[in-house]
Every structure is written in C-alpha cells, then in structure tokens.
Amino acid sequence: MKTAAKKRSGPRRLGAMGLAACTLWGVAVTAGSDTIASAISALRQEASAPLSALQWELGDLGPEDGLSPAAVLTIAESPLLLSARETVAQLLSTEMPDAPQEPVAQTPVEETPLDTSPVPAENIPENGVTAKTLVPTGDAGYTVTGKVYITNSTEHALSIQDLTTSFDAGLTDEEPQILIIHTHGSEAYTPAPGVEVEYSGNHRSTDTRYNVVAVGDVMAQTFGEAGISVLHDRTLYDYPSYSGSYDRSLKAIESYLTQYPSIHFILDVHRDAIEDTEGNEYKVISPVEGVGNAAQVTIVVGSDGSGLPHPKWMENLKLAVAVQQNITQTYPTLLRPILLRNSRYNQHATTGSLLLEVGAAGNSPEEADLAGKLVARQMAEFLEAKSK
C-alpha cells in the first residue's frame, strides 16, 4: 500500500505544480485589466493552451454556472474577476473580439426627433409603431464633413482631409461586382396588424419576407437594374445559433472572394433596434415626398480598435463618407450619422465593405424595402459616375 501511495504522489505533485503555474499565469494575464470585460478578453486571447492543459488535468466537473475548474481556479486569484463570478461565466459564454457581436443599438443621445409629418402612401401600410425622424442637434460630439456626421467611438483621430480623399474601391467591367450578405439575417421588422409572422426570437424570424433578407433582395434587384452585377447570399448565419455568426459569414465571404475575385464591394445588411429612455420601441423614418416613408439607414464602419488586423479600414470609411454625402444631397434625412466602431465586422475582407443598418425592429418591412431601394439606386448612380 505504501509503495502504491508513493507511485501516486508523483503525478499529484506534478498536477499541483501545473495548477500553481496556471494560476500564476492567470494573475499575470489579468493584472493590467481594470474591468471584468477586459480581464475576460485577456484570458480568452491567451488562455487556450494553458487552460486546456489544466482542464485535462482536473477534468470538467460541470459546475452550475458553466465555469470549468480551471477557470474557477484562475479567477479566484483575481479579486476583480472573483467578485463577479456570475458575470464572468456569462462573458465566457459569449463571443469575444475575434467574432464581434451585433452592433450595439444606437440610442439617440445626440440626435433629436425632427418635426416632420409622415407621408402617406398606399403601398406602405401603417404598422402602429411610433415614428420618429432622427437628426443631429449640432456638431458637438461628431466629426463633420459637408453634410456627413460621424460618431467616432474609437481612439483614432479623424482628419477631414483624409476623409475626403479618393477611396480605393471602384467598379470594373468584371462580374460580379457586389456581394450582399446578412451576418444577422433573421433580424426582422414589424408588419401591419393582422399579418401573421412566426418569430424565432425577439424580433427575429426565419421568414425572409419579413427580415433583412427581403431588403437584400430589393437592393440586389435595384443594383441589377442599374447594370451592376450582384451576388446575394440569403443564408441566415445567425440561425439557429446567434453565437459565431460573424465567423460563419467571414468563411462565406472568403469563399466568395476566392471564387469571384471581381467582387469589390460587400454590403452586410442588418437592422437596428431602438427604444426611448422609457424602454418604448419606436421606428425611424425619412419621409420621401411622392413616395412614402422610408426607414432611416445607418452606415457602420469597423476599424482595428479591437486589436484585430484591419490596416485599410480608412478606405471603407472614405467610401462611406462619399456615399453618404451623395445620398444626403437627394434625401437629407434618409441616413443617420455614420458609426465608426472598434470591431471590424469582417470589413477587412475588401476596401469596399460597409455594414448597413436599415431601419429598426419597429419599422415595417415596406419601409425597410423602400430604404434599401433608395440607397442602392443612389449608390449605383454614384459609383457608376465615379468609374467613368
């Protein structure tokens, strides 16, 4: 018996040494973190090899909060992490910077409802959701060039001169030119009362008549009518699992670019979700005389602020500025301020990549379709004029 005990003591000591090493490693990695999220991000980026080895040594005992013994042991040495174990467990179960989350809903802090009356149109039924037209109240908090307002949430300083120089992407004689894709394709709208929609989640539906895929259909048709060849990927990359949707759409983008190197523009079409300060949902509209109410659109541009490689993000931003400047001349309230974010949203794939948030969950499908049509038509005319 004593001999057997001695034989077992060696592996136990090795295991203890492994645990101690991983614990010290965890403290070192999170030492510079001042928030729980940043500490988790540091662990997720560095933890793969050592924590996997530790988990193998201990075995996954399956605690109720989903944290492995290795993770519990590590956070125990960090007061910041240990004080909020429940939050840590939730953050570890979500996507981190290598698979960015859905753009955060833009609360109109620096925008105000414009006093405009909705434009009635027979082909755009009213869905009963409170409508607002949001416009900037002034230049404070924005980078402004011409009629374009930019909300910059990165640490990059923006130069007006840089923003207005020629952008890289352009049309050629090759086909196809544009890829329309939907990383969160199940994002749905609110149809008129009486229309039955089967939802797969909160304002999400796999019914492509009522989600952003329908907007992509309209945009693809509009670009095609303008003589620009388009590929429209109608895949729902966020269903049945929302987690990992950006990873899945990136694989698709890379496959398309390999097969069709002629693609210079990638439009990832989403929709926003907007509430007032009391939690009441509303829709954002841009009255278009003689046509009806179009959903307002937000262009979102990613950067390298998350730490992921994206050396040419400024090219996408210059494209966004040029396109918005052109559209705003014809439809002054159709586009809300451009959002410049830290996450790259797969926009490193080309220098002509934009994320479009067409309306909000409260908008009707018809309002969103009209917005998609107007944006695609103006963008097509602008790009064709630039290519001549």
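Residues numbered from 1 in each chain as written. Predicted model: local features only at pLDDT ≥ 70, side-chain atom pairs only at ≥ 80, totals over all residues. Heavy atoms only, no water.

Trainee: Help me understand the sheet that holds strand β2 (residues 131-132) in this model?
Mentor: Two pairing modes exist for strands in a sheet, parallel and antiparallel, and in both the strands are linked by backbone hydrogen bonds. An order of β2-β9-β10 is seen for the 3 strands of this open sheet, with the pairing classed as mixed. On the outer flanks of this sheet lie β2 and β10 (292-295), each paired with one strand and no other. Here 4 bridges tie strand β9 (residues 283-288) to β10, and the two strands are oriented antiparallel to one another. For serine 286, the partnering residue across the bridge sits in β10 and is alanine 294. (Pairing = 2+ DSSP bridges. Helix = DSSP H or I, 4+ residues; strand = E, 2+ residues; numbered from the N terminus.)

Trainee: How should the packing of aromatic side chains be read in this particular structure?
Mentor: Pairs of aromatic rings are described using the distance from one ring centre to the other and the angle between the two planes. According to the stated counting rule, one finds 3 aromatic pairs in the structure shown. Seen from their ring centres, tyrosine 142 and tyrosine 149 are 5.3 Å apart, and the 85° between their planes marks the pair as edge-to-face. The ring of tyrosine 282 carries the charged tip of lysine 132 above its face, separated from the ring centre by 4.3 Å. (Phe/Tyr/Trp six-rings, centres within 6.5 Å; stacked < 30°, edge-to-face > 60°. Lys NZ or Arg CZ within 6 Å of the ring centre and 35° of its normal.)

Trainee: What's the story with the confidence of the model for the chain in this structure? I'm lost.
Mentor: Keep in mind that low pLDDT regions are not for reading the predicted coordinates in detail. Residues of the chain with pLDDT of at least 70 account for 69%, and the chain-wide mean is 81. Below pLDDT 50 for its whole length, residues 21-25 participates in 10 contacts with residues either more than four positions away or in separate chains. With pLDDT under 50 throughout, residues 27-64 is counted as low confidence; its partners more than four residues away or in other chains account for 66 contacts. (pLDDT = per-residue confidence, 0-100. Contact = heavy atoms within 4.5 Å.)

Trainee: Help me understand the environment of lysine 251 in this model?
Mentor: Residue position: lysine 251 is located in helix α9 (residues 245-259). For lysine 251, a relative accessible area of 61% corresponds to the exposed category. For the pair lysine 251 and asparagine 346, spaced 95 residues apart in sequence, the C-alpha to C-alpha distance is 9.8 Å. (Buried < 20%, exposed > 50% of the residue type's maximum accessible area, 1.4 Å probe, protein only.)

Trainee: Whenever I open this one, the sheet that holds strand β12 (residues 338-340) confuses me. Can you help?
Mentor: With mixed pairing, 8 strands are arranged side by side in an open sheet as β4-β5-β12-β11-β13-β8-β6-β7. Here the strands that pair on one side only, and so sit at the sheet edges, are β4 (143-145) and β7 (230-232). Strand-to-strand twist across the sheet, computed as the mean angle between neighbouring axes with direction ignored, equals 25°. Direction of pairing for strand β6 (residues 178-181) relative to β7: parallel, over a ladder of 3 bridges. For leucine 179, the partnering residue across the bridge sits in β7 and is leucine 231. Against the sheet, helix α8 (residues 212-225) touches β6, β7, β8 (265-272) and β13 (353-360), its axis set at about 145° to β8. Relative to the sheet, α9 contacts β6, β7, β8 and β13, its axis offset from that of β6 by approximately 160°. (Axes fitted to C-alpha atoms, helices over the stretch in contact; angles between N-to-C directions.)

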